[in-house]
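# Per-entry structural report
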Amino acid sequence: LAGGTGGCLLSQSGSSSTLPSSAFFHVEPAELGALQEIGHAQDMFMKQCHKGATCEDAYYTRGLVALFENRANAITVFQELHTVMPNSRYDSATTGWLNLLQDRASSSSETKAVLGQLKQQVLLKLLEHRGDIVTQGTEAHDRRIAELNE
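Okay, so let's go over this structure. (Residues numbered from 1 in each chain as written. Predicted model: local features only at pLDDT ≥ 70, side-chain atom pairs only at ≥ 80, totals over all residues. Heavy atoms only, no water.)

## Here's the deal with the overall build of the protein
Scanning the protein from N- to C-terminus turns up six helices and zero strands. Order of helices (α) and strands (β) in the protein, N terminus to C terminus: α-α-α-α-α-α. Counting over 150 residues, the protein shows a buried share of 41%. For the protein, the accessible surface area stands at approximately 7,700 Å², while carbon and sulfur atoms represent 51% of it. (Helix = DSSP H or I, 4+ residues; strand = E, 2+ residues; numbered from the N terminus. Buried < 20%, exposed > 50% of the residue type's maximum accessible area, 1.4 Å probe, protein only. Areas by Shrake-Rupley, 256 points an atom, 1.4 Å probe, with all protein chains shown as cover.)

## A few points about the pattern of salt bridges
Tallied over the entire structure, the rule returns four salt bridges. With its nearest N and O atoms 2.8 Å apart, the salt bridge here joins R62 to D43. Of this pair, R62 sits in helix α2 (residues 53-66) while D43 is found in helix α1 (residues 29-48), placing the two residues 19 residues apart along the sequence. Of the charged contacts, one joins E56 and R89 as a salt bridge, the two residues approaching to 3.0 Å between their closest N and O atoms. One end of the pair, E56, is in helix α2; the other, R89, is in the loop between α3 (71-84) and α4 (91-102), and 33 residues separate them in sequence. A relative accessible area of 48% means that R89 is categorised as partly exposed. (Salt bridge = Lys/Arg side-chain N within 4 Å of Asp/Glu carboxyl O.)

## Let's talk about the packing of aromatic side chains
One pass over the full model with this rule turns up six aromatic pairs. Ring centres of F25 and F68 lie 5.5 Å apart, and the angle between their planes is 40°; on these two criteria the pair is classed as tilted. Taken together, the residues span a long stretch of sequence, with F25 in the segment before α1 and F68 in the loop between α2 and α3 at a distance of 43 residues. The burial state of F25 is the same as that of F68; both residues are buried. Between Y60 and Y90 the ring centres are 4.3 Å apart and the planes differ by 0°, which places this aromatic pair in the stacked class. Here Y60, found in helix α2, pairs with Y90, found in the loop between α3 and α4; they are 30 residues apart in sequence, far enough to count as distant. Taken together, F24, F25, Y60, F68, F78, Y90 and W97 form an aromatic cluster joined through their ring pairs. (Phe/Tyr/Trp six-rings, centres within 6.5 Å; stacked < 30°, edge-to-face > 60°.)

## A word on the environment of A23
Tracing the backbone shows A23 in the segment before α1. Judged by its relative accessible area of 8%, A23 falls in the buried class. Spatially, the C-alpha atom of A23 lies 4.6 Å from that of E69, the residues being 46 residues apart in sequence.

## As for the packing of α2 against α3
Closest axis-to-axis distance for the α2/α3 pair is 8 Å, and the angle between their directions is 160°. With respect to α3, the element α2 is oriented roughly antiparallel. Considering only the axes of α2 and α3, their crossing is left-handed. Residues E56, Y59, Y60, R62, G63, L64 and A66 of α2 form the contact with α3, whose participating residues are R71, N73, A74, V77, F78, E80 and L81. Split into classes, the residues belonging to the contact of α2 with α3 amount to eight nonpolar, two polar and four charged. (Axes fitted to C-alpha atoms, helices over the stretch in contact; angles between N-to-C directions. Parallel < 35°, antiparallel > 145°, perpendicular 65-115°, else oblique. Left-handed = near helix turned anticlockwise from the far one by under 90°. Contact = heavy atoms within 4.5 Å. Nonpolar A, V, L, I, M, F, W, Y, C, P; charged D, E, K, R; others polar.)

Below, the structure is given as C-alpha cells:
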C-alpha cells in the first residue's frame, strides 16, 4: 500500500487556500464512507501496535485515509510515523507526503494534474484493499478484547 489511489474527482487537489481542517483530496460521500471505515480499522490497530511492519502499514494507511478527511490529521499521522518509526519502509513516502501537505505554493495547472493522478492512485489502492484492511483491524480489535477478558 505504498501510495496508490483512485476514484471520482470532485476537486483536483488540495490548494494553497485550503483550511488545515479541510481534506487534501475531495471524494464523493460514498467513497468517503468507505475510506472512513478503513480509517476506523487502522485507528483500532494503531492503538495496539508499537513497531514493526504491521504497525508501519497501519500508520501509513491511516495517513493516506486522512488525506481525504483532514489535512492537519494527515500531517499528524505522517509525522508520528516518521518520528516513531524513522527507518520504516514508508519513511521516504512519508517525508514526501509531509513536504507536499505543507507546501502552500503548488497551484500550477501541471501540479494540479499530477495531484489529480496521485489522488486517483491512492484512492484506488485503498479501496482495492478495503476488505483486507478492515478485516485486519477488526481481528486485531477482537484479539485485544479477548486478551482483556482473560
